[in-house]
Amino acid sequence: MTTVVAVPARTAGAVGRDVATLLKLRIGGLISLTAVAAAVAAGQHDTRTLVVLAAAALLSSSGASSLNHWLDRDLDA
């Protein structure tokens, strides 16, 4: 006997919200803003450097968040 289960199609908005939740982009944005503010307070005013700093902070924060979710997947089940 074969059982067929219908899975509803996921919209792009739902997938985007799930990814934003997984990567914790709001927290990453706050970390990036804090890093840029600290760099400006320290005297760094080069726009390119500040953009690279913000992107690096956001990517590292998001990567750490997704790694944490992956490592804790057995605890969250």
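Residues numbered from 1 in each chain as written. Predicted model: local features only at pLDDT ≥ 70, side-chain atom pairs only at ≥ 80, totals over all residues. Heavy atoms only, no water.

A few words on the overall build of the protein. Looking only at helices and strands, the protein has four helices and zero strands in total. Element order for the protein, N to C, with α for helix and β for strand: α-α-α-α. Taking 11 Å as the expected radius of gyration for a compact globule of 77 residues, we find that the protein reaches 18 Å, considerably beyond that expectation. Structurally, the protein occupies a C-alpha span of about 70 × 30 × 15 Å along its principal axes. Every one of the 77 residues in the protein was classed for burial, and the buried ones make up 12%. Summing over all exposed atoms, the protein offers an accessible surface of approximately 6200 Å²; the carbon and sulfur share of this is 68%. Seen as two clouds, the 6 positive and the 5 negative side-chain charges of the protein have centres 8 Å apart. (Helix = DSSP H or I, 4+ residues; strand = E, 2+ residues; numbered from the N terminus. Rg over C-alpha atoms; globule rule 2.2 N^0.38 Å. Buried < 20%, exposed > 50% of the residue type's maximum accessible area, 1.4 Å probe, protein only. Areas by Shrake-Rupley, 256 points an atom, 1.4 Å probe, with all protein chains shown as cover. Lys, Arg positive; Asp, Glu negative; His and termini not counted. Charge placed at Lys NZ, Arg CZ, Asp CG, Glu CD.)

The predicted model of the protein has a mean per-residue pLDDT of 90, with 99% of residues at 70 or higher. When the elements of the protein are averaged for pLDDT, helix H4 (residues 73-76) gives the smallest value, 82, and helix H2 (residues 25-41) the largest, 96. (pLDDT = per-residue confidence, 0-100.)

So, about unusual backbone geometry. Its identity as a non-glycine residue notwithstanding, Lys24 has a phi of 50°, on the positive side. Looking at the element boundaries, Lys24 is found in the loop between helix H1 (12-23) and H2. Given the relative accessible area of 34%, Lys24 is considered partly exposed.

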